[in-house]
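Residue-level listing of the chains:
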Protein chains: 4
Amino acid sequence: MDPINLYDYESRARASLPHNNWEFIEAGAMDEFTTARNRSAFEDLTIRPRFLRNIDNRDLSTTMLGSELSFPVFVCPAGGHKLAHPDGELATARGAGMSNTLMMLSTSSHYSMEEVSAAASGPLMFQLYHRGHDLTEMLVHRAEEAGYKAIVLTVDTPVPSPKERDIRNQYVNPAELANFRATPERLAEVSGTDEAPNWQPAQVPPLSWEELDWLRGLTSLPLVLKGVRTAEDAHIAAESGVNGILVSTHGGRQIDSTMSAVEMLPEIVDAVNDNCEVYLDSGVRRGSDVLKALALGAKAVGVGRPLYWGLANDGAEGVHGVLEILRREFDHAMAVCGQTSATNLESNLINIPHNWGPARMAP
Amino acid sequence: MDPINLYDYESRARASLPHNNWEFIEAGAMDEFTTARNRSAFEDLTIRPRFLRNIDNRDLSTTMLGSELSFPVFVCPAGGHKLAHPDGELATARGAGMSNTLMMLSTSSHYSMEEVSAAASGPLMFQLYHRGHDLTEMLVHRAEEAGYKAIVLTVDTPVPSPKERDIRNQYVNPAELANFRATPERLAEVSGTDEAPNWQPAQVPPLSWEELDWLRGLTSLPLVLKGVRTAEDAHIAAESGVNGILVSTHGGRQIDSTMSAVEMLPEIVDAVNDNCEVYLDSGVRRGSDVLKALALGAKAVGVGRPLYWGLANDGAEGVHGVLEILRREFDHAMAVCGQTSATNLESNLINIPHNWGPARMAP
Amino acid sequence: MDPINLYDYESRARASLPHNNWEFIEAGAMDEFTTARNRSAFEDLTIRPRFLRNIDNRDLSTTMLGSELSFPVFVCPAGGHKLAHPDGELATARGAGMSNTLMMLSTSSHYSMEEVSAAASGPLMFQLYHRGHDLTEMLVHRAEEAGYKAIVLTVDTPVPSPKERDIRNQYVNPAELANFRATPERLAEVSGTDEAPNWQPAQVPPLSWEELDWLRGLTSLPLVLKGVRTAEDAHIAAESGVNGILVSTHGGRQIDSTMSAVEMLPEIVDAVNDNCEVYLDSGVRRGSDVLKALALGAKAVGVGRPLYWGLANDGAEGVHGVLEILRREFDHAMAVCGQTSATNLESNLINIPHNWGPARMAP
Amino acid sequence: MDPINLYDYESRARASLPHNNWEFIEAGAMDEFTTARNRSAFEDLTIRPRFLRNIDNRDLSTTMLGSELSFPVFVCPAGGHKLAHPDGELATARGAGMSNTLMMLSTSSHYSMEEVSAAASGPLMFQLYHRGHDLTEMLVHRAEEAGYKAIVLTVDTPVPSPKERDIRNQYVNPAELANFRATPERLAEVSGTDEAPNWQPAQVPPLSWEELDWLRGLTSLPLVLKGVRTAEDAHIAAESGVNGILVSTHGGRQIDSTMSAVEMLPEIVDAVNDNCEVYLDSGVRRGSDVLKALALGAKAVGVGRPLYWGLANDGAEGVHGVLEILRREFDHAMAVCGQTSATNLESNLINIPHNWGPARMAP
């Protein structure tokens, strides 16, 4: 039987992947509280169905910084897709293209950004890990050249966070970092900080707010910050002219013991005050989650682990399958809430429970 | 030993019914969160017993749009009762009649509305799934002709919701749709949308608020909307001259990830402002639940799955047995709360916990 | 090893008593929610320890309507103590006397009130089930004659509540109702309503607020109402000149789906406004529970099931043992909170959590 | 593989220590609610990460009453370290010194304060159990003489609290009380009250607020009160000129059914109004816990049970290992929150959930 929800893809991937690869995909940082909370926080929200409406023509499409998506779900950047399928990011890009949606490619991809660009039919954005100014310059220039639509700078890895399951498994990410084939002598510098199964410090300090101007000066592409988790940082980002914010907990893979992404979404949406686009990832597993995030102000949502699940099942077809389940479920959520436009949702579509999200901050 | 509560009927039905039939009855949509919440939300409410009162003469009777019920529990519409007993809806109608209460008959019944009407001794209402204007006209005219007291239009199935257990079971509802014996050529159109174990789209679009006038023009019968889940829709309904609202989550079988019916009841009662009657189903398993719903403003409550349990145990006698347990328990709840009239309850009969129900809505 | 807490007494009693007797003692009404909540509500409260005080001389003693208790824990009325030990209420009375505290004797005792009075060395109160005016008159006159200090009228059994475990066990309380030896022809009337394992209706209607004057006119003894669960009834009681209120859920054995006793205590204490004494039972298992109840305004607390546990372990010595554990633990709680007088507690001794107790009432 | 978090140390210690020693270390008082709550209350707090900052130079160091610590984690006083390793407190002191942090030595240590002082390279404070005025005078004078930097008076043991696991194990602390070798004739007096596995009353009454002046007059050392749990006592302490408060539940080993230490921290910090230093112990297991406590106003936090775990694994190296894990994790928490100075934290670093901590106090 075909998978009927994303959890089917998950259980099949667990059954088929090598144990350590599976755990690399599944694990979160430290106690994995944030990973768990990403789900429970979505589940605690409830939708408010509306009836007796004309819902024949539902337009699920949206845009991200002008790129068109057939529905408001995109593919998150995630390192090394060969873990799940030999075609790696090429398959992911094809699957995303089959669903007419956007893919963000990771700096740590197993195929190079040029190879992925050649395989893709839909819009791409390039996720950037800053590993020094010259490497960043190289990556940004190549991304622009290769037709990527935006630079998505990951900000939530100022230092590496341990995924303890990977440490116990003595997990070593086996495949090459394809974007650095031209710079093999600098691989240590490059690989040291992204979800490394140890506490090895970054070789280079993270970028600072002040350096964003430098980054923006490298390219005409718009800039998205991935991993912003507070209203305070969102406010600075919007003031700094950033074009988009991807509210994310990195799937709980970086920094444990935080709120879920969706719990931080309202204060961030409020803080940016429509001065930049806001997206969300972390914990999206059902189409109703998409609607919930949109109702709280996100323009689109991304999925990460489910992409690996799709790849493990059936390569590009699996990625496409995952996305189509989400499309069908999101369409269902739109229909039962009486909504016909993903970009023009009515207000009051979800209930927020009494104990949800941050109550107050420590002085 | 005779069953002593509804859960006894449930466990016996589970033991005696074919697995797939049992699962069809038991399952909710998708993750079944709403189904579970329908119970927990009732259990989180507590009653406030009152003592030292003259409670000798307790009048449990009430009315629904003028029809008399011996106590404020009615039989919900639910498709295909032959699933649980060969006498199907005939047995259900007899059991309801033995308890002097009202039955709502489903469009998808296994006996026709005329057959059920002939078997029934108590008041009936006809539940309507709109499957196109001419079919609706046929059904409404026949219902009025056959003596049904109201049309209960189900509004919460604008699109079908997947019950994933049924999909996994490849469940096929075996029996005929008795109300459409005269129109066999249109069965596909009719059967496509009611709790179908797939995502097959409805053949016809749902009715709209504007078309309710047309529907009301077909008949002199009063109109009840079943499945309203928000104050917003309830307000429109009351403004539209609807005669009753059945607050319902469809037992969690349609649309997951919503509040329970009882959690939405207060805002709906408030919204209709006494301009129409309000009923509730979804999750009622104890007589104290009946009192809780009435204390929050419902005029009567319906039971769905328990009817199948009763049928599976003992046909009409089983349905009657289920109803009599609820009557006894509701009478007990009335007595311990010092109440003597189901239609004239005192205020302040239940405690609502801090975290219960919606706190606020997304903007 | 000697039992070190009440749970040790409980597990030993479970191991030694016949199954049906054990279940009769342990069970609560219906789903046993209230029974469970009686514990969780105590556990959710926390004490606020205070230090660096002179706590050498801690006076645990208190009074109940003038009767002296060596510490603020008394023995609740509970039917038929031969269930747990052949010496029944005689042993209980001796155990209570050994601990210099008060015992309330049940109408349904297995030894007569005169026999118990003869065996007792501490103060006694007589718990009254009203079973008709002449029987009540007989019981009240005999209680006054036998030296009981007060009449404790149980108000929370206007109709019997099913303890479903007893029904499944086809449990029959084996022993005689000793207080009615002189009226054997009326035993059916007497026994029909107290925790009967069925739904048999009471033979006589409950007393009403108006009839309390009649009851008070029968005797010079003070009157306590047992089972009051709301501010509303407590207010009427205080206005009616009742001398004491025992806030109780009957251990969850009568009327399920209510708040715990301790959650209702604050509103009741507030409602009586010092016009009568307030006691509490239901769920007390630790000495810190005693302090919590006193901090919320109770003058003394009773224990029910633990008395059976003590009896089952060692008759009078077991009852005494249970009480002495509670004394030791209560003394400990007093000491760590820096308190030296059970009748003169400081304010602010416990924390009440955000979600505890009733939030609001249904309209 | 080396332990990667404190729980690894815990599970290895459980596997290697004799059962009764393990239980003595692990157990809390009575029902162990407070012990459990110490963890859950930390886990319910979430951090607010901040990004794009210059965090190259993170200064984790702090001071406690002028003593320098390389990071804000110190070793709590805990009796009898030979339980876990033959080198006992000598190893602990060496481990703390290797991590350049402070150790508090217990009155009940297995090596004398002079022996520990000789072994230590980092700052020491002496924890005092008052066992009579002459013994206290002896201990305080010796502590000052031996170079201890402060007297840490434990206030939360006015009477002993039962650790029921120890009672069931008939646990007897095997080793000598090294600080009392000179006064063997008074050992009963000394040993009777510290976490004794029974209810044996203290031989001497606790000190009172009035006697603190006497205590302070014995020495020029500053005075810290350990175990304060309420704003009320903290206010008195600050008014009394106490130099520091260690907010502590004694790991839940003394007095059950209280809030966790971290839940009481905010009201205590508020009450002392910067008039003395505030520290915390109880439940710290992750570096993020350290940041949470600091964000709520603590200047440093202590660990107790983890020290035994470290000792059991590898003596001084194990203690050092535990501390270094906490340092690494705390450094990580600082980095991801964009903080560079442990003594100068930004505001708004953590989220406090809706239902956390005390809501209101009983009247």
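It should be noted that the structure appears before, not after, this text.
Parameters at a glance
Residues numbered from 1 in each chain as written. Chains lettered and ligands numbered in written order. Predicted model: local features only at pLDDT ≥ 70, side-chain atom pairs only at ≥ 80, totals over all residues. Heavy atoms only, no water. Core = buried A, V, L, I, M, F, W, Y, C linked by side-chain atoms within 4.5 Å. Buried < 20%, exposed > 50% of the residue type's maximum accessible area, 1.4 Å probe, protein only. Contact = heavy atoms within 4.5 Å. Axes fitted to C-alpha atoms, helices over the stretch in contact; angles between N-to-C directions. Helix = DSSP H or I, 4+ residues; strand = E, 2+ residues; numbered from the N terminus. Parallel < 35°, antiparallel > 145°, perpendicular 65-115°, else oblique. Left-handed = near helix turned anticlockwise from the far one by under 90°. Nonpolar A, V, L, I, M, F, W, Y, C, P; charged D, E, K, R; others polar. Least-squares fit on C-alpha atoms with pLDDT ≥ 70 in both. Salt bridge = Lys/Arg side-chain N within 4 Å of Asp/Glu carboxyl O. Polar contact = N/O pair within 3.5 Å; in protein donor to acceptor, adjacent residues only side chain to side chain. Pairing = 2+ DSSP bridges. Phe/Tyr/Trp six-rings, centres within 6.5 Å; stacked < 30°, edge-to-face > 60°. Lys NZ or Arg CZ within 6 Å of the ring centre and 35° of its normal. Buried area = accessible area lost by both parts, 1.4 Å probe.

Some details on the nonpolar core
Formed by 433 residues in total, the largest nonpolar core has its most connected members in Leu225(A), Leu225(B), Leu225(C) and Leu225(D). Sequence-distant contacts of Leu225(B), that is, excluding residues within four places in its chain, are made with Leu52(A), Leu153(B), Val155(B), Trp209(B), Leu212(B), Ala237(B), Val242(B), Gly244(B), Ile245(B) and Leu246(B).

Some thoughts on the packing of helix H12 (residues 287-295) of chain D against helix H13 (residues 305-336) of chain D
Residue and element names in this part refer to chain D. Packing of H12 against H13 leaves a shortest axis separation of 7 Å and a crossing angle of 60°. With respect to H13, the element H12 is oriented oblique. Taken as a pair, H12 and H13 cross one another with a handedness that is right-handed. The segment H12 lies against H13, with Gly287, Ser288, Val290, Leu291 and Leu294 engaging Leu326, Glu329, Phe330, Ala333 and Met334. The residue makeup of the contact of H12 with H13, split by class, is seven nonpolar, two polar and one charged.

Points about the relation of the copies chain B and chain A
With an RMSD of 0.0 Å, the fit of chain B onto chain A corresponds to turning through 90° and sliding 0.0 Å along the axis. Considering both components of the superposition, the chain copies are consistent with a four-fold axis. When C-alpha positions in chain B are compared against the rotation axis, the closest is assigned to Asn355(B), at 4.9 Å. The fraction of interface residues of chain B whose copies in chain A are also interface residues is only 4%, indicating that the copies meet through different surfaces.

Focus on the pattern of salt bridges
The tally for this structure, following the rule as stated, stands at 89 salt bridges over all chains. One salt bridge in this structure joins Asp156(A) and Arg229(A), with 3.5 Å as the shortest N-O distance. In this pair, Asp156(A) is assigned in the loop between strand S7 (151-154) and helix H7 (164-168) and Arg229(A) in the loop between strand S8 (223-226) and helix H10 (231-239), connecting sequence segments 73 residues apart. A salt bridge links Arg286(A) to Asp31(B); the nearest nitrogen and oxygen atoms lie 2.9 Å apart.

Remarks on the interface of chain C and chain B
The interface of chain C with chain B comprises 47 residues on the first partner and 36 residues on the second. On the surface where chain C and chain B come into contact, there are six salt bridges. The partner of Arg286(B) in a salt bridge is Glu164(C), with the nearest N and O atoms 2.8 Å apart. Our count for the contact surface shared by chain C and chain B stands at 22 residue pairs in polar contact (both at pLDDT 80 or more). Of all the secondary-structure elements, those providing two or more residues to the side of chain C that touches chain B are helix H3 (33-44), helix H7 (164-169), helix H10 (231-239), helix H11 (261-272) and strand S13 (360-361) of chain C. Take the side of chain C that touches chain B: its biggest share by element is four residues, from H10(C). Relative to S13(C), strand S12 (residues 350-352) of chain B runs antiparallel, the two being bridged by two bridges. Of the residues in S13(C), the one forming a bridge with Asn351(B) is Met361(C).

Concerning the relation of the copies chain C and chain B
When chain C is brought onto chain B, the operation consists of a screw motion whose angular component is 90° and whose axial shift is 0.0 Å, with 0.0 Å RMSD remaining. Comparing interface residues between copies, only 4% of those in chain C also sit at the interface in chain B, which points to a heterologous contact through distinct surfaces.

Topic: H12(D)
Residues and elements named next belong to chain D. With nine of its nine residues buried, H12 lies for the most part within the structure. When H12 is considered as a whole, its buried residues turn out to be Gly287, Ser288, Asp289, Val290, Leu291, Lys292, Ala293, Leu294 and Ala295. Gly297 sits one or two residues past H12 and shows a positive phi near 115°.

Quick notes on the packing of aromatic side chains
All names here are of chain D. Inspection of the entire model under this criterion finds 12 aromatic pairs over all chains. Relative to Tyr171, the ring of Phe24 has its centre 4.9 Å away and its plane inclined at 20°; by these criteria the two rings are stacked. Of this pair, Phe24 sits in helix H2 (residues 19-26) while Tyr171 sits in the loop between helix H7 (164-169) and helix H8 (187-191), and the two are 147 residues apart along the sequence. Judged by its relative accessible area of 6%, Phe24 falls in the buried class. On the basis of an interplanar angle of 75° and a centroid distance of 6.2 Å, the ring pair of Phe74 and Tyr279 is categorised as edge-to-face. Of this pair, Phe74 sits in strand S4 (residues 73-75) while Tyr279 sits in strand S10 (residues 277-280), placing them 205 residues apart in sequence. When its relative accessible area of 0% is taken as the criterion, Tyr279 is described as buried. When the ring centre of Tyr111 is taken as origin, the NZ or CZ atom of Lys82, which lies over that ring, is 4.7 Å away. Above the plane of the ring of Phe24 lies Lys163, whose end atom (NZ or CZ) is 3.8 Å from the centre.

As for the sheet that holds S13(C)
The strand order across the open sheet built from three strands is S1(B)-S12(B)-S13(C), with neighbouring strands paired in antiparallel fashion. Looking at which strands have only one partner, the edges of the open sheet turn out to be strand S1 (46-47) of chain B together with S13 of chain C. In this sheet, S12(B) lies alongside S1(B) in antiparallel orientation, the contact comprising two bridges. Bridge pairing in S12(B) links Thr46(B) to Asn351(B).

Regarding the interface of chain B and chain A
For an interface, size is often stated in terms of accessible area lost upon the parts coming together. If you look at the interface, chain B gives 47 residues, while chain A gives 36 residues. Taken together, both faces of the contact between chain B and chain A bury some 3,700 Å²; the carbon and sulfur share is 58%. The interface formed by chain B and chain A includes six salt bridges. Along the contact surface separating chain B from chain A lie 22 residue pairs in polar contact (both at pLDDT 80 or more).

Let's talk about the sheet that holds strand S13 (residues 360-361) of chain D
In space, the three strands of this open sheet follow the order S1(C)-S12(C)-S13(D), with antiparallel pairing throughout. Every interior strand has two partners, whereas the edge strands, strand S1 (46-47) of chain C together with S13 of chain D, have only one.

What about the environment of Arg131(D)?
Inspection of the secondary structure assignment puts Arg131(D) in the loop between strand S6 (124-128) and helix H6 (133-145). Once the C-alpha coordinates of Arg131(D) and Ala362(D) are considered, the two residues, 231 residues apart in sequence, prove to be 33 Å apart.

Side note on the environment of Ala118(B)
All names here are of chain B. Tracing the backbone through its elements, the reader meets Ala118 in helix H5 (residues 113-119). For Ala118, a relative accessible area of 69% translates into the label exposed. Sequence spacing of Ala118 and Ala342 is 224 residues, and the spatial spacing of their C-alpha atoms is 30 Å.

Remarks on the pairing of strand S8 (residues 223-226) of chain D
Residues and elements named next belong to chain D. Burial along S8 is two-sided: the residues Leu223 and Leu225 and Val224 and Lys226 are all buried. Note that strand S7 (residues 151-154) and S8 share four bridges and pair parallel. Within S8, the residue paired with Val152 across the bridge is Val224. Bridge count for S8 against strand S9 (residues 244-247) is three bridges, and the pairing is parallel.

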